[in-house]
Every structure is written in structure tokens, then in C-alpha cells.
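Report on the structure
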Amino acid sequence: MKILCSTLLTFIALAGYAQTKITGKVVDERGAGIPLANVILVDTYDGTSSDTEGNFEFTTTETGTKILLVKFVGYKDSQREVVLQGKSVTVTVQLEEMINELEAVMITAGAFAASDESRRTVFKAIDIATTAGATADIAGALNTLPGTQKVGESGRLFVRGGDGTEAKTFIDGLLVLDAYSPSAPNTPSRGRFLPFMFKGTSFSTGGYSAEYGQALSSALALDSKDKAEMTRTDIGILSVGGDITHTQAWKRGSIIGKIQYTNIRPYFGLINQEIDWEKPPVSIEGSGAFRQQVGKDGMLKVYGNFNHANYSIYQHSIDDYNSKFLYDLTNNYRYLNGFYKEALNDNWIVRGGVSYTYQENDAMVGDDNIVETEKGVHAKTVFEGSLSDKVELKTGAELIQRTYNQQFTFDDGSNLTRAFDEVIAAGFAEADIYTSNKFVTRAGARFEYNNLMDQLSVDPRISLAYKTGTSSQVSFAYGKFRQTAKNELVRINTTLDPEKAEHFILNYQRIENNRTFRVETYYKKYEDLVKYVNDDASVLNNAGNGYAKGIELFWRDNRSLRNTDYWISYSFLDTKRNYLNYPYKAAPTFASKHNFSAVYKYFVQAINSQLGFTYSYTSGRPYNNPNTGKFNNGETPVYSDLSFNWSYLPKPYLIVYLSCTNLLGRDNIFGYEYSTEQNANGIYNSRPVRQAAPRFLFLGIFITLSKDKSVNQLPSL
Amino acid sequence: MKTLNIIPVLIAVVIILLSNAVFANDDKYTQAMQKNIQAVYTAQSIPDYQTAVNAFERIGAAEKTKWEPFYYASFGYIMMSNQEKDGAKKDAYLDQATTALSKAKEIVPNESEVIALEGFIYMIRVSVDPASRGQQFAGLSMQVLNKAVEINPNNPRALALLAQMQYGTAQFFGSSTAEACATTNNAMEKFTTFKSENPLAPQWGKQMAEGMKGKCK
């Protein structure tokens, strides 16, 4: 009986609890062990984690054919069948590396990406708002990065020997025709779009994606924010006006409306200005943004703004200050952008939209009236997805239509109209091919048809990036770029060829522990630049050309010093071009050889404040002195500026913001204007182009009203 | 005698086998979970946590309808993120924590513990880059933790985390920490009084509240 009993028990035990030992090793593609991989016997609790060498061992009481699944972050899952019948099973599992955002090499040649979402960016969206001297202007902040040349009297982005029109702005991939507010001659203009609207900024100083066309030197791609999370009202009381914003958020959408009034009159009354204003600038601006999530992954964004601005100034003759005429400008601007994004399936997304820009400059020059209008529509559809985990493809089509009209009505009643219509149809395709997490090739091309010169073109773009270490990489970019000549040239000769540039860029970047080091060198070749034939501004051809080359350094560190973040940029530029009225190749007046910026931000916990300083230095710029025989041979004094800002948060819902440019009050001279005629002594009289005011002082108080009082406007500053 | 003796043994065996067949899954589940919950509470290093998290992921994959394995896997990843120094890796662990937690959320959309853990994830997100994330994630964390307290005002972990956020905000603005300390006291009280019927209910967080209590004195 005893025997029977124990036999029975043994039998039961065997039937129910037969054990199989499974051993093995988890390795990567090079055969090295992967520790802590999860080894799973599917649909059971059984399994284990691999040890430091990648070995594993466990036993299971399961029987029959089961699936053994092995997974580890950064690798593709691997599964196989195992037969469990009491005999030991030994397996070697090789995991294939996945191309993932965290580990994979990035193409960085020419690119400065700023995003709060991506982790390896050099520049964050909030940096734009908190850079001293920029006063929350996107271009102002980007001007502290390498690759830009400070042109103090313009305020626009001048990139690598290119002029201010060679850098184009895109919002959600859609073109903005004129991204800057109008400004009086020789006073800096500000961007029309405030940094707080965007969650990501990608600033490229060359070699950019085939997606972006009609930009010779630079593409600034801004990604607007998704749905707002909280209902709130923001009020800004500024030394130069005020604004009020209301945000209404619901579960799957939000709407934001903002109205802003800017009046610099009181400010100009307080501080002596260089400019003889009749009416200093006044503007009223409104904007609205609507967001709605559609379905599971769809997102609809509509953004629109309007702006009405006016000012008038007296322009004095260089030869005789008392001889003056009035220049009065009224600018009307409307921009509408509709964007839609949807996931087609797990691998593919489609995004696209339509933007519309309308701009009208109505100027009185003395008694003559000049009305310039430009209307533009940009429609675009892009498909993005993966062909495999190693190949990503982006392809799309777009249409850009512009109507330009300039109407002169002269004092004597005569008039003149100059106009053109441009239609560009373009398509592009670009593939990112990862050989491993270490090496990527991006190859693409852009096709364009332009009706003005009835021309079809193909521009290749290629970039390579190789990871040289865990935190360092080298990348190279090459591309051909084209851009229709400036409006003021095309309106004279509508069959001008587009101007062209070729970029070659080599970049090394190292990001480690919140420290970034970057060095980049480039060569840029300009062709088909517009040239005056026989120095006659009314006869144009494409005989101009030029080059730009240089080397740039960037260092950022927000780790070494407590509560401190700083970056330093240096750009060396050597550029010459022969275009417009240039008698021979010469450095253009907007090009400076050396540009240096240092930005310093310090957080003072004790007074709830962030203090910031920005120092900028620009070596002398060329100017043309007709009293000498050589063209553009003069050199201005160097430009230097030390700016300061202070953000103070006394209460969670209140921010006080104070900023001042040019603390040291340096009298910066941007160039010289010369009289068109010689005086009695045979000399052309000159006048320096100076800053509108030595300093710009700005004070703002920002109040946020919301259910949750812990919210403030810091990111919007 | 001998034949008589075998009968109770047989009956016992049958009962054990039967009860195993009926209750095995739950018992096995609870036991396996308890063992690994112990492991995740006592883990010292990232490999310790990863080992425990792997076990939770195995159990979660087999069970599919239980939220606890995903909850603890997420908790383990949060702890790993806490130990990691490199910002990008911290974020990667938090991504894993979020993925695991979203599975728990699908099973129990209104569990205060799960929502509190979501608030915890946002809280750590802030710590990766306070300057540029403070605004967005501190707000989100507060919002989510308040919701967790709303669902279960007795959840001591939701209260302790909320107290932490309140304290941080008050300190940042140099305002009074009274509200944060009141929440801390409430959390401390709930740590002793709140008892869940679920044997696998989370138990962690008392030390955090005690630490806060120390600051409040």
C-alpha cells in the first residue's frame, strides 16, 4: 500500500510538474552578450532575465510546444518555438538592433534643431524667449548662433554671406511670404511670429531637406504647438502697449485668440532718437489659433493673424539737413495657415495644408504714392513613412502661387504699374537610409517647374552622418538650391532665371552631459545672381556670381556652473560676389568677417529670477565710398552690444520682465550713406547709418488668470 | 487499516489538484506578484529594477486583464529613471514607464493609484530639464495628481506626490509651504489608516511623505 501510494504521488507529480530546463545566451549582431534581456515563455509566467554576460537559465513545468520570446529595449523582439518534454533546451538568441531615435546618428550638418520634445537638440524653444537682447524675437535669438551675421539695422537673419531675403520661414512646412514686420529704413524689424506659438524650431544654415525650396541660404522651419491643455487668460502690460490672450481648451481641441496693440510713441517721447519721426510706429495685431484632434491620430490646425501698422518719418537730404520729405507707410498683413496631419497606418503619415499671405505696403514718398501688394498661396501634401526600420521615405508635392503688383501714382497724375504672376509646381522625394545606428545617408531631389521662365529644374540634396563615438558624430551635406530673384528685380524683368547656390558642409558635433561642442566648415557657391547690364538698373541679366566660405564654432554648457547656462558662438566668413551694380567681385555690405556671441543665463533662486546677458561682437562691415576708387572698400567700426534681461516671478501667475539692449550705450555705426552728387569741392557727402536709439528699454508685466494659479506665461516670454 | 489510511490521502490529493485547477491561476498570480513586488521594493540598482520589471512584463503578458503587473513595471522604470544621471536615458526610462502605465490604464481607466503614478512620471520629467519643462510638466503633474486625489481622497501616494509638487512650487516662488505641509500630514495619516482590499495594492511612498514631514517642521 505504501508503495502504491508513493507511486501514485510520483505519477501525479510527474504528470503535473515535469520540469524542463531552458538555457541559452542573448547576443547582439556582433555576438556580444546582452544583459537584462527579458526571456519570456509566452502565455506563462516562466522566464528570466539574462545575466551580465547575456546568459540565462530557467526551468519550466510547461510541456509541449511553446514560444520563447526574447526582448530588450533598442532591439527587435525575437521569438522561436521550443519543445518542452523534460529534456534540457539550449538556445542562442541573436537580437537585431533597432534604429531608434535615442541611439541613432542624426544629420546635423547645417542644422540647429530646437525642440522640447527631442532630447538631443542643441537649442530649446524656451531659449529663444529667454535670450537677452532678442526681446522674444525668433530671429534675434537665432542671431546668437553660428552661421549668422549680425546686421543691426535690419533685424533679419543673414546667413553665411547671404542677404536677408535668402532665409525663408516655414510654419508647419508652409511658406510665409514675409515673416518680418515692416520697419522704418535702417531700424531693425521684428519677426511677425512670436516664439511661444511654436513647440519646435529647426534653423538650418545650409544643406537642408529637399522639402524646402525657394531659399538660397537658410530655412527656418517652425512647428506650431498642438492643442492647448488649459483654459486661461493672459494679460500683458507692456511699456510699448499691451496684449490680451484667451485660451479655451476642451478635451480634444482648443482655441486661442490674441489681440495686441503696440505704440512706441510714448517711448520715443522719453528717449532721444536718431530718427526724425512724424508718427512713430503704431500697430494693432490680432491672431487666432484653432486645434482639433480628429479620430485617433489626426490633428487639424488653423492659424491666422492680421496686422495693421503705420508710421511716418522725415527723410533728410545728406547734403542739406533742411531739405526733407515725408515718408509715410501703412502696412496691412494677413496670414492664414491650415494644416492637417493624419496617420494612415502604423508606418505612414500624411501631412499637408494651405497657407495664404496677403501683404500691402501703401507708401507716400513726398507727394508720390506707391502701393505694393503681394499675395501668395502655398499648398502642400507630404507623405512620410518607413519602408523598413532602416529606410525612411518622405515625398510630397506643392504649389506656390504669387501675385505681385506695384502701382505708382505720381504727383503729376501719371502712373505706372509693374506686376508679375509666378506659379511654381514642385515635387520632392527624400530617403533616410540607415546602415546601422551609426551611419545614415539621406538622399533626395527636388523638382520644380516655374512658369515665369518656363523652366523645369532638378536639385539634388545629399547628407551623410556617421557616429564616431557614443556622443560624437561627423556629418556632411551637399545640395543645390534655387530662389526666384527679389520682387524688385523680377518686376523689371520677369524672365530672369532663379538665382542658384550650391552648399558643401562638414560638421562635427559632440553632446555629452549637457555640454555641446560643434564645429562646422562650409563652402557656398553662388551662380546666376542678377546683374545690372552696363550698370543700368533697368536692364538685368543673370551674369552675377559669388562665393562664401567659413568656419564656425559653438560651445554650450549648462552643467559646469550651478544654475548657469551659457553658450558661445563664433563665425568666420569670407565672401565675395559680383552682382547688381558691383563692378567686380567684392564683399557685400551686409557681410562681416567675424561674428561672436556669448549668451549667459543665470537663475537666482533667492529672488525667483532669471538674469540673462548677451554680448555680441561683429567686425567692421564693408561700405562703398564713392570718393575712393575702390568699390566697397571702406570698413565700418566694429559693432558690439551688451544686452541684459531680467525675468522675475513674484507669484506663480505673475511675471515681471525687464530688458535693455546696449547697456554700455555704444554708438554702433552700420554703414555710410553717400550723396548721389558731388559737392562744390568734388566730394560726395556722407552720413553714418546709426542705431535708432542707443538703448531699447522694455518693461512688461504678464498676468495669467486660470483655475490653477500655478500657471504663468514664462514659456511665452 | 492501511487501505483506510490511503483514502484521506487520496481525497487530500484530489482536493489539492482540484483546488489548484480552480484557484491555481489567481493564487499563482498573487504569489508571483508578491514575490516580485518585494523585489521591486528592495531593488538597489538599475539591473535589480530591470530584473523585477522583466518579471512583471512576463506576468502582464500572460495575464492581460490584470493591471498590477503593468503598474509595477511602470513603477520600476520610474525608479530606474530616478537612479540614472544622463538626461536622455532618464527620458528613455520614463518613456518605458509611460508605455507600461498606459496598458494599466486601458484595463483600469479610473484607478487612483494608476493616475497618481502618471503624475509621478510627469514630476520626474520636470527634473530632467526644469528650465524648459517646468511649465508644461509641473502643470500636468499637478492636474493629474489632483485628479488621483479626487478619485480616491484616501490614496496616500497621490497625496504624498501632490504634497511634493506643492512644496516644490511654493519653494520656487518663495511662498508659504502651509498647503504642502497640510497635504503631507493628510498623506501621513492615510498611510496608517488606508487599507486596500487588494493584497497587491501599492504600499510604497511612506518614506517620501516622512521626508516631506521633516522639511515641514
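Quick caveat, the model's predicted, so the values are computed rather than measured.

1. Details of the overall build of chain B
Assigned secondary structure in chain B consists of nine helices and zero strands. Along chain B, from the amino end to the carboxyl end, the secondary structure elements read α-α-α-α-α-α-α-α-α. In chain B, 60% of the contacts between residues at least 6 apart in sequence involve partners at least 24 apart.

2. Brief notes about the overall build of chain A
The helix and strand tally for chain A stands at five helices and 38 strands. Its C-alpha atoms give chain A principal-axis dimensions of about 135 × 55 × 45 Å. Evaluated residue by residue, chain A yields a buried proportion of 38% over its 717 residues. By sequence separation, contacts in chain A at least 24 residues apart represent 60% of the contacts at least 6 residues apart.

3. Thoughts on unusual backbone geometry
Despite not being glycine, D535(A) has its phi angle at roughly 60°, a positive value. The phi angle at K64(B) is positive, at roughly 70°, despite the residue not being glycine. Within the element layout of this structure, K64(B) appears in the loop between α2 (46-63) and α3 (68-83).

4. Overview of the domain arrangement of chain A
Splitting chain A by domain gives domain 1 (2-94) and domain 2 (111-716). In this structure, domain 1 of chain A and domain 2 of chain A have C-alpha centres spaced 60 Å apart.

5. Digging into the confidence of the model for chain A
Across chain A, pLDDT averages 89, with 93% of residues at or above 70. This stretch, residues 7-16 of chain A, has a pLDDT under 50; its non-local contacts, to residues over four places away or in other chains, come to one contact.

6. With respect to the sheet that holds strand β4 (residues 55-60) of chain A
All names here are of chain A. Pairing is mixed in the open sheet, where three strands are placed in the order β4-β1-β7. Whereas interior strands pair on both sides, the edge strands pair on one side only; in this sheet they are β4 and β7 (89-94). Across the sheet, the mean angle separating the axes of adjacent strands is 20° when strand polarity is ignored. The pairing of strand β1 (residues 20-27) with β7 spans six bridges and is parallel. Looking at the pairing, V26 lines up with V93 of β7.

7. Concerning the nonpolar core
Within the largest apolar cluster, 71 residues are counted, with the highest numbers of intra-cluster contacts made by F170(A) and L220(A). Sequence-distant contacts of L220(A), that is, excluding residues within four places in its chain, are made with L157(A), A167(A), T169(A), F170(A) and F203(A). Judged by nonpolar contacts, the second largest core, of 70 residues, contains I37(B), A55(B), V114(B) and L159(B).

8. Looking at the sheet that holds strand β6 (residues 78-84) of chain A
Taken in spatial order, the four strands line up as β3-β2-β5-β6 (chain A) in an open sheet, and their pairing is antiparallel. Since the sheet does not close on itself, it has two edges, and those belong to β3 (47-49) and β6 of chain A, each with one partner. Taking each pair of neighbouring strands and ignoring which way they run, the sheet shows an average axis angle of 15°. With respect to the sheet, α2(B) is in contact with β2 (38-41) and β3 of chain A, its orientation differing from that of β2(A) by roughly 25°.

9. Side note on the pairing of strand β37 (residues 684-690) of chain A
Residues and elements named next belong to chain A. Pairing of strand β36 (residues 669-678) with β37 involves six bridges; the strand directions are antiparallel. In the sheet register, Y672 faces β37, and the bridge partner there is P688. Connecting β36 to the next strand, β37, in antiparallel fashion are five residues, including G682 with a positive phi near 75°.

10. Notes on the domain arrangement of chain B
All names here are of chain B. Considered domain by domain, chain B is made up of domain 1 (1-109) and domain 2 (111-217). Taken together, the contacts link 22 residues of domain 1 with 14 residues of domain 2. Looking at the side of domain 1 that touches domain 2, the elements with two or more residues in it are α1 (2-42), α3 and α4 (87-107). Among the elements that line the side of domain 1 that touches domain 2, the one with the most residues is α4, at nine residues. Of the residues belonging to the side of domain 1 that touches domain 2, the class tally is twelve nonpolar, six polar and four charged.

11. As for the packing of helix α5 (residues 112-128) of chain B against helix α6 (residues 130-151) of chain B
Residue and element names in this part refer to chain B. In the contact formed by α5 and α6, the axes pass within 8 Å of each other and the chain directions differ by 165°. In terms of orientation, α5 and α6 fall into the roughly antiparallel class. Judged by the sense of rotation from one axis to the other, the crossing of α5 with α6 is left-handed. Along its contact with α5, which presents S112, I115, A116, E118, G119, Y122, M123, R125, V126, S127 and V128, the element α6 presents P130, R133, G134, F137, A138, L140, S141, V144, L145, K147, A148 and I151. Class assignment for the residues of the contact of α5 with α6 results in 14 nonpolar, five polar and four charged.

12. Let's talk about the packing of helix α7 (residues 156-173) of chain B against helix α9 (residues 206-216) of chain B
All names here are of chain B. The contact between α7 and α9 brings their axes to 9 Å, and the two run at 40°. Between α7 and α9, the angle falls in the class oblique. Like other packed secondary-structure pairs, α7 and α9 cross with a definite hand, here left-handed. Of the residues in α9, those in contact with P156, A160, A163, Q164 and Y167 of α7 are M208, A209, M212 and K215. The residue inventory of the contact of α7 with α9, partitioned by class, reads seven nonpolar, one polar and one charged.

13. Focus on the confidence of the model for chain B
Note: predicted coordinates in regions of low pLDDT should not be interpreted at a detailed level. Model confidence for chain B is summarised by a mean pLDDT of 85, while 88% of its residues fall at 70 or above. Segment residues 12-24 of chain B is flagged for pLDDT under 50; beyond a separation of four residues in sequence, or across chains, it makes one contact in the model.

14. Description of the environment of Y340(A)
All names here are of chain A. Structurally, the position occupied by Y340 is in strand β18 (residues 324-343). Note on Y340: 18 C-beta atoms within 10 Å, which makes it partly exposed. Residues Y340 and Y508, spaced 168 residues apart in sequence, show a C-alpha to C-alpha distance of 36 Å. Residues in contact with Y340, not counting those within four places in the same chain, are L300, R351, G352 and G353.

15. As for the environment of M364(A)
Residue and element names in this part refer to chain A. Within the fold, M364 resides in strand β19 (residues 348-365). The class for M364 is partly exposed, based on 16 C-beta atoms found within 10 Å. Separated by 35 residues in the primary sequence, M364 and L329 place their C-alpha atoms 6.5 Å from one another. Here M364 is in contact with L326, D328 and N369, once residues within four sequence places are set aside.

16. Concerning the pairing of strand β38 (residues 697-706) of chain A
Residue and element names in this part refer to chain A. Across seven bridges, the pairing between strand β13 (residues 232-238) and β38 is antiparallel. Bridging across to β38, L238 finds its partner in G700. Note: strand β35 (residues 654-660) against β38, seven bridges, orientation antiparallel. Note on β38: the bridge partner recorded for S659 is F698.

Scoring rules and cut-offs
- Residues numbered from 1 in each chain as written.
- Chains lettered and ligands numbered in written order.
- Predicted model: local features only at pLDDT ≥ 70, side-chain atom pairs only at ≥ 80, totals over all residues.
- Helix = DSSP H or I, 4+ residues; strand = E, 2+ residues; numbered from the N terminus.
- Contact = placed C-beta atoms within 7 Å.
- Buried ≥ 20, exposed ≤ 12 C-beta atoms within 10 Å, placed from the backbone.
- Domains from an automatic or database assignment.
- pLDDT = per-residue confidence, 0-100.
- Pairing = 2+ DSSP bridges.
- Axes fitted to C-alpha atoms, helices over the stretch in contact; angles between N-to-C directions.
- Core = buried A, V, L, I, M, F, W, Y, C linked by C-beta atoms within 7 Å.
- Nonpolar A, V, L, I, M, F, W, Y, C, P; charged D, E, K, R; others polar.
- Parallel < 35°, antiparallel > 145°, perpendicular 65-115°, else oblique.
- Left-handed = near helix turned anticlockwise from the far one by under 90°.

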